[in-house]
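# Structure assessment
If you want the building blocks of each chain, they are given just below.
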Amino acid sequence: MDLDAITKHSALHIKPNGLILQYGTAGFRAKAEHLDHVMFRMGLLAVLRSKQTKSTIGVMVTASHNPEEDNGVKLIDPLGEMLAPSWEEHATCLANAEEQDMQRVLMDISEKAAVDLQRKAFVVIGRDTRPSSEKLSQSVIDGITVLGGQFHDYGLLTTPQLHYMVCCRNTHGGYGTATIEGYYQKLSKAFVELTKQAFCSGDENRSLKVDCANGIGALKLREMEHYFSQGLTVQLFNDGTKGKLNHLCGADFVKSHQKPPQGMEMKSNERCCSFDGDADRIVYYYRDTDGQFHLIDGDKIATLISSFLKELLLEVEESLNIGVVQTAYANGSSTRYLEEVMKVPVYCTKTGVKHLHHKAQEFDIGVYFEANGHGTVLFSKAAEMKIKQLAEELEDKKRKAAKMLENMINLFNQAAGDAISDMLVIEAILALKGLTVQQWDALYTDLPNRQLKVKVVDRQLISTTDAERRAVTPPGLQEAIDDLVKKYKLSRAFVRPSGTEDVVRVYAEADSQASADSLAREVSLAVCQLAGGVGESPQLGF
Ligand SMILES: CC(=O)N[C@H]1[C@@H](OP(=O)(O)O)O[C@H](CO)[C@@H](O)[C@@H]1O
Ligand SMILES: [Mg+2]
């Protein structure tokens with residue numbers, strides 16, 4: 001480690017005085033102007049992580065659904081997963097170190113994590129379309145090179161595309177080819193093969209309206225559309241040519257406001273979807289003939305996908321186990337439908353995809369989705385091999401089902417939730433089953449729900465248990481929530497400190513919208529009273 005060079009370069013990426021940032025649920029997020037030093041330091045850290053894991057590591061510059069002025073960075077581990085928790089701590093330490101302590105902190109991390117500093121390092125970089133992203137990714141590169149690491153800068157990519165690249169490189173092509181062309185071809189081939197069967201049965205070409213949040217998803221979908229156009233026509237809105245990133249559009253806006261994005265023309269019963277700013281989330285929606293808006297969120301996506309996979313497994317008569325992983329935000333109706341009607345086991349984890357991903361790895365086929373539309377499906381190695389074998393050995397109808405499963409495996413981005421991949425999966429399933437968006441929506445009816453945010457002096461005063469569904473501290477809060485919940489029918493409520501914003505989130509559901517709203521408000525007041533609320537009354541939304 002050339003410590004002098006590090007000191008010299010670090011001086012070009014000065015940490016603002018007194019700024020403390022935390023590697024949270026999705027890496028570092030802040031106003032872009034505060035992040036230059038973090039980027040440089042994450043370049044350094046990625047080199048250490050690469051040396052330690054003897055693998056390629058990814059660095060993605062994005063702040064996802066957050067405003068255009070924000071930015072962020074996260075590291076991607078060897079198989080395309082989120083950074084390991086022990087390294088999240090190293091990341092926080094390094095990002096917050098004062099200039100004069102940088103060398104010591106780097107040495108500490110190398111020692112604690114037993115990094116062999118002599119090894120080579122390789123890092124891949126991607127960025128979203130924010131005006132600040134290009135310069136910030138240059139700072140990452142500065143950090144990588146000063147520690148002697150090699151790199152490949154992919155430039156503009158969606159977050160899940162970078163996860164895919166990391167996975168491809170570390171499996172030496174086993175997962176796919178580590179190029180944008182490789183990504184387009186792998187997914188499109190699987191999609192076209194799957195949908196060919198639907199079109200044989202007379203279905204006409206299908207079309208879908210896509211709100212791209214004025215982000216990277218628009219660029220990538222435009223590049224990709226001609227690869228799969230024989231199966232699907234996409235019409236892009238909010239493609240970044242005029243509007244601002246994530247402003248009044250995108251998956252997060254649509255989910256939290258439960259209304260359509262601006263800038264999209266919706267006719268009744270047309271199938272529409274929204275990506276978020278880095279294209280790792282997707283939600284669907286439509287307007288019915290009475291003009292009413294219907295949201296189809298991550299829970300309904302998980303339901304559609306798991307019921308389709310379960311049907312295919314029944315056809316091939318193979319007893320691979322399938323599990324669905326949700327968080328406390330999953331609508332109660334979805335959990336009931338999955339457990340009672342579909343007879344699929346459902347598990348609840350803490351919020352944040354790394355928790356869901358981890359749990360989903362326990363099954364032959366693990367389906368995970370957050371209600372906000374971030375999710376994917378994981379297939380165990382054994383399940384993949386079994387399905388491949390069945391696709392060769394079985395005959396007729398069973399072989400067809402096994403082939404479909406095989407294509408499904410290739411269509412999912414198993415490294416991370418991916419709006420483009422999930423969109424193609426959903427479109428394939430709807431086509432194959434001949435389902436309209438209304439029929440899909442009618443699988444079950446969501447319980448009315450409401451989310452509020454409450455500002456408190458210190459949100460860490462609230463601690464939770466049971467996958468965040470019960471509050472442990474402050475004393476008396478859970479009892480207060482229990483008493484309030486008893487006042488309403490079919491009700492449920494919980495509170496938890498956000499991992500990405502300085503707020504406490506309140507969730508409530510009940511038999512009517514008025515009840516859900518009133519329960520959420522009452523729980524928010526209890527939080528204010530027992531956990532030191534500050535400022536105005538609770539705010540609507542996420
Ligand atoms: C209720 C909700 O949607 N929470 C989001 C949000 O986390 P919070 O810890 O709730 O701020 O951002 C995470 C990262 O994008 C995402 O994984 C999660 O689902
Ligand atoms: Mg995102």
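Numbers given to residues run from 1 along each chain, matching the order in which its sequence is written. To label them, take the chains in the order written and letter them from A, then take the ligands in the order written and number them from 1. Only residues with pLDDT of at least 70 get local features here, since the model is predicted, and only at 80 or more are side-chain atom pairs given and counted; chain-wide, interface and lining totals rely on the full set of residues. Hydrogens and water are ignored here; the side-chain numbers use all heavy atoms of the structure.

Identification of the protein as Phosphoacetylglucosamine mutase from Rhinolophus ferrumequinum is taken from an unreviewed UniProt entry. UniProt positions are given in the numbering used here, feature names are shortened, and annotations may be inferred rather than shown by experiment. Its UniProt record gives the protein the following Catalytic activity (unreviewed entry) comment, quoted word for word: "N-acetyl-alpha-D-glucosamine 1-phosphate = N-acetyl-D-glucosamine 6-phosphate". According to UniProt, the comment filed for the protein under the heading Function (unreviewed entry) is "Catalyzes the conversion of GlcNAc-6-P into GlcNAc-1-P during the synthesis of uridine diphosphate/UDP-GlcNAc, a sugar nucleotide critical to multiple glycosylation pathways including protein N- and O-glycosylation."

### Quick word on the pairing of strand 2 (residues 56-61)
Here the term buried applies to any residue with accessible area under 20% of the maximum for its type, exposed to any over 50%, and partly exposed to those in between, with areas from a 1.4 Å probe on protein chains only. Secondary structure counts use DSSP, requiring at least four H or I residues in a row for a helix and at least two E residues in a row for a strand, with both numbered from the N terminus. Within strand 2, 6 of the 6 residues are buried, which leaves the element mostly enclosed by the surrounding structure. Neither face of strand 2 is open: one carries Thr56, Gly58 and Met60, the other Ile57, Val59 and Val61, and all of them are buried. As defined by bridge partners, strand 2 adjoins strand 4 (residues 122-127) across 6 bridges and the pair is classed as parallel. Bridge pairing links valine 61 to arginine 127 in strand 4. The criterion for strand pairing is that DSSP finds at least two bridges linking the strands in question.

### Remarks on the UniProt feature "binding site: Mg(2+)" (unreviewed entry) in the protein
UniProt records the feature "binding site: Mg(2+)" (unreviewed entry) for Ser64, Asp276, Asp278 and Asp280 in the present numbering. For the annotated residues, spread through 217 residues, the largest C-alpha to C-alpha distance comes to 8.1 Å, consistent with a single compact locus. Along the chain, aspartate 276 turns up in the loop between strand 8 (272-275) and strand 9 (282-287). Two residues form a contact once any of their heavy atoms are found within 4.5 Å. Look past the residues within four positions of aspartate 276 in its chain and what remains in contact with it is Ser64, His65, Cys212, Ala213, Asn246, Ala251 and Arg281. As for its position among the elements, aspartate 278 is in the loop between strand 8 and strand 9. You can call aspartate 278 buried: its relative accessible area is 1%. Not counting chain neighbours up to four residues away, the residues in contact with aspartate 278 comprise Thr62, Ser64, Thr158, Thr159, Pro160 and Ile216. We define a polar contact as two N or O atoms separated by no more than 3.5 Å, with the added condition that, inside protein, one atom must be a possible hydrogen donor and the other a possible acceptor, whereas residues neighbouring each other in sequence contribute only through side-chain atom pairs. A polar contact of 3.2 Å, which involves the side chain of aspartate 278, links it to the side chain of serine 64.

### As for the domain arrangement of the protein
An automatic or database domain assignment provides the domain bounds reported here. Split into domains, the protein comes out as domain 1 (3-156), domain 2 (182-296), domain 3 (298-416) and domain 4 (449-540). If you average the C-alpha positions of domain 1 and of domain 3, the two centres end up 34 Å apart. The interface is formed by 5 residues belonging to domain 1 together with 4 residues belonging to domain 3. The buried area of a pairing is the accessible area, by a 1.4 Å probe, that goes missing from both parts when the two are put together, added over both. Carbon and sulfur atoms make up 64% of the surface buried where domain 1 meets domain 3, a total of about 450 Å² over both sides.

### A look at the coordination of the magnesium ion (ligand 2)
Here a donor is an N, O or S atom found within 2.8 Å of the metal, or within 3.2 Å if the metal is Na, K or Ca; sites may look incomplete because water is not among the atoms. Around the magnesium ion (ligand 2), the protein supplies Ser64 (OG), Asp276 (OD), Asp278 (OD) and Asp280 (OD) as donor atoms, at distances of 2.1 to 2.2 Å. Binding-site remark: the magnesium ion (ligand 2) is held by donors from one chain whose sequence spacing is S-x211-D-x1-D-x1-D. Of this pair, serine 64 sits in the loop between strand 2 and strand 3 (70-76) while aspartate 276 sits in the loop between strand 8 and strand 9; the two residues are 212 residues apart in sequence, bridging distant segments of the chain. The same class applies to serine 64 and to aspartate 276, which are both buried.

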